[in-house]
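Below, each chain spelled out in residue letters.
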Amino acid sequence: HEAFAGQVLANLNALESFGVGRVPMDKTNNWGGSLSIGHPFAASYARLVTTAANRLKHEDGQLALVAACADSGLANTMLIERYN
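Every value quoted in this text rests on a predicted model; they were computed, and no experiment measured them.

Comments concerning the overall build of the chain
Scanning the chain from N- to C-terminus turns up three helices and two strands. Start at the N end of the chain and walk to the C end: the helices and strands fall as α-α-α-β-β. Excluding contacts between residues fewer than 6 apart, the proportion of contacts in the chain whose partners are at least 24 apart in sequence is 34%. In the form shown here, the chain has an accessible surface area of approximately 6,300 Å², with 59% of it arising from carbon and sulfur atoms.

Re the side chain of Thr28
Tracing the backbone through its elements, the reader meets Thr28 in the loop between α1 (5–17) and α2 (34–37). In terms of polar contacts, Thr28 uses its side chain to reach the backbone carbonyl oxygen of Met25, at 2.6 Å. Once you skip the residues sitting within four places of it in the chain, Thr28 turns out to touch Leu12 and Arg55.

Considerations on the confidence of the model for the chain
Per-residue confidence for the chain gives a mean pLDDT of 83; residues scoring 70 or more make up 82%. Within the chain, the element-level pLDDT minimum falls on α2, averaging 64, and the maximum on strand β2 (residues 75–81), averaging 90.

Scoring rules and cut-offs
- Residues numbered from 1 in each chain as written.
- Predicted model: local features only at pLDDT ≥ 70, side-chain atom pairs only at ≥ 80, totals over all residues.
- Heavy atoms only, no water.
- Helix = DSSP H or I, 4+ residues; strand = E, 2+ residues; numbered from the N terminus.
- Contact = heavy atoms within 4.5 Å.
- Areas by Shrake-Rupley, 256 points an atom, 1.4 Å probe, with all protein chains shown as cover.
- Polar contact = N/O pair within 3.5 Å; in protein donor to acceptor, adjacent residues only side chain to side chain.
- pLDDT = per-residue confidence, 0-100.

Here's what the structure looks like:
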């Protein structure tokens, strides 16, 4: 979410500068996150999955990767596939 936007931008810059490659900005979340949308922290995954599913439909996409940080260095990820 927005609290980590600076970290994401720094990592994107590092990937490009170290020759790993460039990640297109349209592949990142430009629809806003928890702070801009406003939801309880415990509802993060429900909001992330719903937004990803809506983006897949809106952008006629096939796959979406959802990720969220968690307590004590943990993280959660989910790959969503759109079926027609």
